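Structural overview for review
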Amino acid sequence: MNGTPGTAGETTRVIVVGSGPTGLLLAGDLAAAGIPVTLLEKRPHKISNLSRAFALHARALEQLDSRSLADELEAVGEPLARLDLFGGLTLDLGDLPSRFRHVLVLPQYEVEKVLERRAAEAGVDFRNECEVTGLTQDAAGVTVHVRGGESLRAAYVVGADGMHSAVREAVGLPFPGRSAIRSVVLADVLLAEKPATLLTAAAVGDAFAFLAPFGDGYYRVICWHRGRDVPDHEPVGLDEVREITRLALGRDYGMHDARWMSRFHSDERQVPSYRVGRVFLAGDAAHVHTPAGGQGMNTGLQDAANLSWKLAAVLQGHADPGLLDTYQSERHPVGRSVLRSSGALVRLAMAKGPMLAVRAGLIRAFGLAGPVRRRVMAQITGIGYRYPAPRGAHPLTGTRVPDLALADGGRLYEALRGGRFVLVTPAPAPAPAQAPVSVPGPAPDPYDAGRRYGDRLAVAHWRSGRRTTVLVRPDGYVAWAGEDVRAADIEEALATHVG
C-alpha cells in the first residue's frame, strides 16, 4: 500500500483519486468485481485521526453489511438508539425498519481501517504520495497527470478527493455555494468528567458545542460562537474551547491535554454535474454541507455504492454505458436534499429572536405528527431515499429494500454479498398431498436463473407468502418488480438489468 507513481502511460481500468471512506469503498468494490483499479492519494500512507465524522447511520451500515463489514464495525463502535438534534427534539431510532436501529458512534478512521484492508485484500493498487496535477480525456479513456511528470491511463476516473478536489478542478466544474458557518473550532482533548451521554450537543444563545468519544480516552470537541468570526488560520487556544463549551453545555468537563486543535469553516456546496465524460465525482468532491445530523461520510459511502456496481457492469460488458448516466439522476438529488436538511438543522439549532418561536412551533408539530417524525428520521438515516423509476413501473421500483428474511433462513443483505443482483421470488408451492410417493422432494422451482448468470445473480424466495417478484440491485434498491409474473417477464427483466 506504499506504492510509488507508475511510469508514463501506465494503463489500468479505473483510477480512483482519494483514499477517504468514499474512495476506499468504491475501489474495493471494483477490485472485488475483478476490475483493475488504482487508487491515488497525495498524502503519505497513514490512517489519520483528524476526521470530522463520528457516525454511521442505518443505510450506510446496510451497505457495509452487504460487504460483510458491518458486524466488525459494530464490535468497535457504540450504538446510540436516540439522536438528539436541538431544542429537546429527539429521534428514537428503535422503530427504524432496518437491522440497524441505531446510530453507530465511532471515528471515521475506524471505518477507513476496515475499508482499506478490504480494498488491499481485493487487489487495489495503492499509490501514495501521488498528487494529481491535471487530466485529459478522449473518447477512449482518461490520462491522469501526477506531480513529477508521470501519467496513468484509465477507462474511467473517479474523484473522491474531498472538498478541494484536484479532479473537480481539472474537469473545470464549478462548486457553487457558500460558507454556512465560519470559525468552527475543533479540538481533541481529555476530559476530567465523563459526559452522561455518548454524544453531547447543545446550542444556547450564540454558542454551540458537540462532544464525541474517540474510544481511546480522547474526545473530539466541535464548537462555534456566533460572535467570533475570525480567519481559519487564527490559532486556537484551549481556553477558547473551554469557554465556548461552557456557554453551550454549561460546563467544560475539565478538558485538558489537547493533542490537536484547529479552526475551519463549514460550507454548503454542490457541483451541478457528478459526471463529465469519463470522469465522475463522489463524496465531498461533489457535495459538502454542515456536519448537522452526521450525514457527510454516510452520503459519500452511498455515492460509492451506487457508482461501483454500474462501472463494473459496463466494464465487464454486461450493461450499456448509458447506465452510468443514472449516477447523476439518482445521486445528485440526494446530495441536494442532504445540503438542505443539514443546513436547516443548523439554522434551527442556532435560531435567535423571532426564529425561536418558529423553532418551538416546529418542535411541537414534530412531537405530535408521526409521519413528519418518520420522514425526518428516514432522511437523516438515509433509508428513506428512493431513486427515479420509469413511467408505469411497479411502485417498488427505485425503493430501498429492507433486509428481507429469506426462505432458506438467510437474509437479503447476506445474499447481496459479492456485488450481485438478487432475484426474490415467491416460494415454490409444496408438492400436492396426492403426489405419488415415488416423487421425492418439493415441487420444482418455477424459475431458476442461477446457472445462466453465474455468480452475478442469486435467486432466493420470500420466507413469507408474498407473491411479488423483486429484482434487487447490488446496492440494495429495486431494479424491477412484478405481481404474479410469468417466467418470460422475469427473463426480460434479467436481460434488461443483469445483462
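Anyway, here's the lowdown on the structure attached to this text. These numbers come from a predicted model, not from an experiment.

Scoring rules and cut-offs
Residues numbered from 1 in each chain as written. Predicted model: local features only at pLDDT ≥ 70, side-chain atom pairs only at ≥ 80, totals over all residues. Heavy atoms only, no water. Helix = DSSP H or I, 4+ residues; strand = E, 2+ residues; numbered from the N terminus. Buried < 20%, exposed > 50% of the residue type's maximum accessible area, 1.4 Å probe, protein only. Contact = heavy atoms within 4.5 Å. Areas by Shrake-Rupley, 256 points an atom, 1.4 Å probe, with all protein chains shown as cover. Core = buried A, V, L, I, M, F, W, Y, C linked by side-chain atoms within 4.5 Å. Pairing = 2+ DSSP bridges. Axes fitted to C-alpha atoms, helices over the stretch in contact; angles between N-to-C directions. Parallel < 35°, antiparallel > 145°, perpendicular 65-115°, else oblique. Left-handed = near helix turned anticlockwise from the far one by under 90°. Nonpolar A, V, L, I, M, F, W, Y, C, P; charged D, E, K, R; others polar. Phe/Tyr/Trp six-rings, centres within 6.5 Å; stacked < 30°, edge-to-face > 60°. Lys NZ or Arg CZ within 6 Å of the ring centre and 35° of its normal.

1. Topic: the overall build of the protein chain
Within the protein chain, the regular secondary structure consists of 13 helices and 25 strands. Out of the 499 residues belonging to the protein chain, those deemed buried represent 52%. Intrachain contacts of the protein chain at a sequence separation of at least 6 include 71% that bridge at least 24 residues. For the protein chain, the exposed area adds up to about 21400 Å²; of that, 54% sits on carbon and sulfur atoms.

2. Thoughts on the nonpolar core
With 96 residues, the main nonpolar core has Leu56, Val144 and Val158 as its most contacted residues. When residues in this core are grouped by element, the largest group, eight residues, is from helix α7 (residues 296-315). Apart from the residues within four sequence positions on either side, leucine 56 is in contact with Leu61, Leu64, Leu73, His102, Val103, Leu104, Leu106, Val111, Met297, Asn298 and Leu301.

3. As for the sheet that holds strand β3 (residues 37-41)
In space, the six strands of this open sheet follow the order β9-β3-β2-β13-β20-β19, with mixed pairing throughout. Strands with a single pairing partner mark the edges of an open sheet, and in this sheet they are β9 (125-128) and β19 (275-276). Here β3 pairs with β9 via four bridges, running parallel. Counted as the bridge partner of leucine 39 is phenylalanine 126 from β9. Against the sheet, α7 touches β2 (14-17), β13 (156-159) and β20 (279-281), its axis set at about 175° to β13.

4. Topic: the packing of helix α2 (residues 58-65) against α7
Two numbers describe how α2 lies on α7: the axes approach to 9 Å, and their chain directions differ by 40°. The angle between α2 and α7 falls in the class oblique. With respect to the hand of their crossing, α2 and α7 are arranged in left-handed fashion. For the pair formed by α2 and α7, the contact residues are Arg59, Ala60 and Gln63 on the first element and Asn298, Leu301, Gln302 and Ala305 on the second. Residue composition of the contact of α2 with α7, by class: three nonpolar, three polar and one charged.

5. A word on the packing of aromatic side chains
Using the criterion set out here, one finds seven aromatic pairs in the structure. With a centroid separation of 6.1 Å and 50° between ring planes, the pair formed by tyrosine 156 and phenylalanine 280 is classed as tilted. With a gap of 124 residues between them, tyrosine 156 in strand β13 and phenylalanine 280 in strand β20 connect regions that are remote in the sequence. The exposure classification of tyrosine 156 matches that of phenylalanine 280, with both residues buried. Look at tryptophan 309 and phenylalanine 421: their rings are 5.6 Å apart centre to centre, the planes differ by 85°, and that puts the pair in the edge-to-face class. Of this pair, tryptophan 309 sits in helix α7 while phenylalanine 421 sits in strand β22 (residues 421-425); the two residues are 112 residues apart in sequence, bridging distant segments of the chain. Taking relative accessible area as the criterion, tryptophan 309 reaches 11% and is therefore assigned buried. Overall, the relative accessible area of 7% leaves phenylalanine 421 in the buried class. By way of ring pairs, the aromatic residues Tyr156, Tyr274, Phe280 and Tyr327 are connected into one cluster. The ring of tyrosine 218 has arginine 259 lying over it, and the distance from NZ or CZ to the ring centre is 4.1 Å. Residue placement shows arginine 278 over the ring face of tyrosine 156; its charged tip is 4.9 Å from the ring centre.

6. So, the pairing of β22
With five of five residues buried, β22 is to be regarded as a mostly interior element. Neither face of β22 is left uncovered, since the one carrying Phe421, Leu423 and Thr425 and the one carrying Val422 and Val424 both have all their residues buried. The pairing of β22 with strand β23 (residues 457-461) spans five bridges and is classified as parallel. Its bridge partner lying in β23, valine 424 is registered against alanine 460. Relative to strand β24 (residues 468-472), β22 is paired through three bridges, and the arrangement is antiparallel. Among the inter-strand pairings, valine 424 is bridged to a residue of β24, identified as valine 470.

Coordinates in, geometry out; function isn't part of it.
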